[in-house]
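# Close look at the chain arrangement
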Amino acid sequence: MATQVTVPAVRARKRSAGDPLVMVTAYDAPGARIADEAGVDMILVGDSLAMVVLGYEDTLQVTTDDMAHHVAAVARAKPRPLIVGDLPWLSYHVSVEDTVRNAATLIRAGAQSVKLEGGSKRVPMVEALVDAEIPVMGHIGLTPQSVNVFGGFKVQGKGEDAARQLVADAEALAEAGCFAIVLECVPDAVARMVTEAVPVPTIGIGAGPWCDGQVLVFHDLLGFEDRIQPKFVRRYASLKGEAVAAMAAYANDVRTGRFPSDGESYHLPDDVEAALGLYGSGGASKTA
Ligand code: KIV
């Protein structure tokens, strides 16, 4: 049986030390089983839950309880990949105490680590979490919880100062104890600078090929989401199209009487059917 992926194993996986890390989001038990059987290293129960599962326009709408509900569903599948629970907006912004309590809610729901967004200004929160024995993954670049500050979902770190700030933020997070750092939507050269600057793995999404690992959203990579396709998403399947076709075939079979068939129905024993005076024996046809 394959062994459980652990935080120290991930922390040790700079690209120079082995294959790039593979992370994917999942939000429920079937998704976790798919990720596990596909052999990924980490499952992120992301706050993208808000947009790809719950139908909101941004990630600001989910709460710690929402996240815990989905972390628990993923954890019940007992997957081999490391489970990273995403701390939602306002769960780590009010106070250090609040941050530790909210993170503990995700850990008790089954996460083995948590992720939070933001750079140097999150250092006190990261230090408090690490002090409470909660492993933390950082997340910088396009941090979706900052959508209103950024004025939309825009590539970050394009200017010289912004690029240097990302490097400084990553160094501060690594120094504070983050075991890995997500880099979202930054130019590939900036992701390379950051990756070379920190001793912990960087996990890119829209951050080019130089990161120590990559992450994609479950619904994007499997093609459940077909309304938008950001440049950085590669679709490995078109399951929305397949699902619509399959459901339309089911609807057609029901409407034309082809579903359910005799073989898909339960039958009374012949003697019970006869005693009840039903339809003749054998249950082959209920239309006689
Ligand atoms: O919530 C999420 O899915 C994420 C990834 C995009 C990294 O934070």
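Residues numbered from 1 in each chain as written. Predicted model: local features only at pLDDT ≥ 70, side-chain atom pairs only at ≥ 80, totals over all residues. Heavy atoms only, no water.

Turning next to the confidence of the model for the chain. Low pLDDT marks regions whose predicted coordinates should not be analysed in detail. Mean pLDDT for the chain: 95, with 97% of residues reaching 70 or above. Low confidence marks residues 283–288, where pLDDT is under 50. Its contacts with residues over four positions away, or in another chain, come to 8 contacts. (pLDDT = per-residue confidence, 0-100. Contact = heavy atoms within 4.5 Å.)

Now for the layout of surface pockets. Computed from the structure, the largest pocket encloses a volume of approximately 740 Å³. Lining the largest pocket are 32 residues, and of these Ser-48, Met-51, Glu-184, Val-217 and Asp-220 lie nearest its centre. Those elements that provide at least two residues to the lining of the largest pocket are α3 (49–52) and β6 (180–184). Of the residues belonging to the lining of the largest pocket, the class tally is 16 nonpolar, 6 polar and 10 charged. (1 Å grid on protein atoms, 1.4 Å probe; cavity = no way out; pocket = protein on both sides within 12 Å on 5 of 7 lines; lining within 4 Å. Points joined across faces, edges and corners; volume = space filled by probe spheres on them. Helix = DSSP H or I, 4+ residues; strand = E, 2+ residues; numbered from the N terminus. Nonpolar A, V, L, I, M, F, W, Y, C, P; charged D, E, K, R; others polar.)

Counted at 1.5 Å a residue, the expected span for helix α11 (residues 239–255) with its 17 residues is 24 Å, and the 24 Å between its end C-alpha atoms agrees. Remark: Gly-257 follows α11 within two positions and exhibits a positive phi of approximately 75°. (Expected span 1.5 Å × (residues − 1).)

Of all the positions in helix α9 (residues 188–197), only Val-190, Ala-191, Val-194 and Thr-195 are classed as buried. Projection of α9 onto a plane perpendicular to its axis shows the buried side chains occupying an angular sector of 135°, all on one side. (Buried < 20%, exposed > 50% of the residue type's maximum accessible area, 1.4 Å probe, protein only. Arc of directions from axis to C-beta.)

Moving on, we get to unusual backbone geometry. Cis geometry is found at the peptide bond from Phe-259 to Pro-260, where omega equals 0°. One non-glycine residue, Lys-78, lies in positive phi territory at about 45°. Following the sequence through the fold, Lys-78 ends up in the loop between α4 (64–76) and β3 (82–86). For Lys-78, a relative accessible area of 69% corresponds to the exposed category. Despite not being glycine, Cys-185 shows a phi value in the positive range, around 50°. Locating Cys-185 in the fold gives a position in the loop between β6 and α9.

Let's shift gears to the sheet that holds β3. If you trace the 8 strands once around the closed barrel, you get β1-β2-β3-β4-β5-β6-β7-β8, paired in parallel fashion. Between one strand axis and the next, the sheet turns through 25° on average, direction left out of account. The pairing of β6 with strand β7 (residues 202–205) spans 4 bridges and is parallel. Within β7, the position partnered with Leu-183 by the bridge is Gly-204. Set on the sheet, helix α5 (residues 96–109) makes contact with β3 and β4 (113–115); between it and β4 the angle comes to about 130°. (Pairing = 2+ DSSP bridges. Axes fitted to C-alpha atoms, helices over the stretch in contact; angles between N-to-C directions.)

A word on a nonpolar patch on the surface. A contiguous nonpolar surface patch, about 410 Å² in accessible area, is contributed by Met-247, Tyr-250, Val-254 and Phe-259. Looking at the secondary structure, you find Val-254 in helix α11. (Patch = residues over 30% accessible without salt bridge, like charges linked within 9 Å, V, L, I, M, F, W, Y side chains within 5 Å. Areas by Shrake-Rupley, 256 points an atom, 1.4 Å probe, with all protein chains shown as cover. Salt bridge = Lys/Arg side-chain N within 4 Å of Asp/Glu carboxyl O.)

This paragraph deals with the pattern of salt bridges. Scanning the entire structure with this criterion turns up 8 salt bridges. A salt bridge links Asp-253 to Arg-258; the nearest nitrogen and oxygen atoms lie 3.4 Å apart. Look at Asp-253 and you get partly exposed, because its relative accessible area is 27%. A relative accessible area of 52% means that Arg-258 is categorised as exposed.

What follows deals with the site of the ligand. As a matter of local geometry, the ligand sits amid Thr-25, Leu-44, Gly-46, Asp-47, Ser-48, Asp-86, Lys-115, His-139, Val-182, Glu-184, Ile-205 and Val-217. Side-chain polar atom of Asp-47 to an oxygen atom of the ligand: 3.0 Å apart, as the coordinates give it. For the ligand, an oxygen atom lies 3.2 Å from a polar atom in the side chain of Asp-86. When each cavity is represented as a set of grid points, the ligand is found to reside in the largest pocket. (Near = heavy atom within 4 Å. Polar contact = N/O pair within 3.5 Å; in protein donor to acceptor, adjacent residues only side chain to side chain. Sits in = over half its atoms within 2 Å of the grid points.)

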